[in-house]
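These are the residues of each chain, in order.
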Amino acid sequence: MIPIKIETLLEGRKVEQNRIEYKEGFNPSEIVHTICGYANDIAGVDGGYLVIGVKTESGSPVLPPIGVSDELLDDI
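Everything numeric here is computed off the predicted structure, so don't read it as measured data.

Calculation criteria
- Residues numbered from 1 in each chain as written.
- Predicted model: local features only at pLDDT ≥ 70, side-chain atom pairs only at ≥ 80, totals over all residues.
- Heavy atoms only, no water.
- Helix = DSSP H or I, 4+ residues; strand = E, 2+ residues; numbered from the N terminus.
- Rg over C-alpha atoms; globule rule 2.2 N^0.38 Å.
- Buried < 20%, exposed > 50% of the residue type's maximum accessible area, 1.4 Å probe, protein only.
- Contact = heavy atoms within 4.5 Å.
- Areas by Shrake-Rupley, 256 points an atom, 1.4 Å probe, with all protein chains shown as cover.
- Lys, Arg positive; Asp, Glu negative; His and termini not counted.
- Charge placed at Lys NZ, Arg CZ, Asp CG, Glu CD.
- Expected span 1.5 Å × (residues − 1).
- Arc of directions from axis to C-beta.
- Core = buried A, V, L, I, M, F, W, Y, C linked by side-chain atoms within 4.5 Å.
- Pairing = 2+ DSSP bridges.
- Right-handed = clockwise from strand over helix to strand, strands pointing away.
- Patch = residues over 30% accessible without salt bridge, like charges linked within 9 Å, V, L, I, M, F, W, Y side chains within 5 Å.
- Salt bridge = Lys/Arg side-chain N within 4 Å of Asp/Glu carboxyl O.

**With respect to the overall build of the protein chain**
Phase 1: When you go through the protein chain residue by residue, the secondary structure sums to three helices and four strands.
Phase 2: Since a compact globule built from 76 residues should have a radius of gyration of about 11 Å, the 13 Å found for the protein chain is in line with a globular shape.
Phase 3: Across its three principal directions, the C-alpha atoms of the protein chain cover 35 × 30 × 20 Å.
Phase 4: Burial status across the protein chain gives 24% buried among its 76 residues.
Phase 5: Taking contacts inside the protein chain between residues at least 6 apart in sequence as the whole, the part at least 24 apart equals 58%.
Phase 6: Here the protein chain has roughly 5200 Å² of accessible surface; of this, 53% comes from carbon and sulfur atoms.
Phase 7: For the protein chain, the distance from the average position of its 6 positive side-chain charges to the average position of its 13 negative side-chain charges is 9 Å.

**Considering helix α2 (residues 28-39)**
Phase 1: With twelve residues, α2 should reach 16 Å at 1.5 Å per residue; the first-to-last C-alpha distance of 16 Å fits that figure.
Phase 2: Along α2, the residues that are buried comprise I31, T34 and Y38. Mapping the buried residues of α2 onto a view down its axis gives an arc of 65 degrees, with all of them on the same face. Those residues of α2 that are exposed and angled more than 90 degrees off the buried face are S29, H33 and A39.

**Looking at the nonpolar core**
Phase 1: Counting residues in hydrophobic clusters, the biggest one holds eight residues: I4, L9, L10, I20, Y22, Y49, V51 and V54.
Phase 2: Within the residue set of this core, elements represented by two or more residues are α1 (6-11), β1 (20-23) and β2 (49-52).
Phase 3: Here V54 is in contact with L10, Y22, K23, E24, P61, V62, P65 and I66, once residues within four sequence places are set aside.

**As for the pairing of β2**
Phase 1: Alternating residues of β2 divide into Y49 and V51, all buried, and L50 and I52, none buried.
Phase 2: Sheet topology places β1 next to β2; four bridges connect them, and they run parallel. Across the sheet, residue Y22 finds its bridge partner in β2, namely V51.
Phase 3: Between the parallel pair β1 and β2, the chain is carried across by α2, and the sense of this crossover is right-handed.

**Let's talk about a nonpolar patch on the surface**
Phase 1: Residues L72, L73 and I76 make up a contiguous nonpolar surface patch of about 250 Å² in total accessible area.
Phase 2: Assignment of secondary structure puts L72 in helix α3 (residues 70-73).

The following block contains the structure:
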């Protein structure tokens, strides 16, 4: 696994890349697509980071995170 803390991903404004992905909301098909991509680890980097509830501009996270509504947490 890539050794990065969530604080580094957000506050350091790490840009999306092949192993760091930000999703503004919970769209199951997009989430599953990303997870499958991490599982098919051809490059051998052992997965990646998927952060839900973060808006992006040009691949960089926009702070503060928008989060996910309480009503969706159980479904997620």
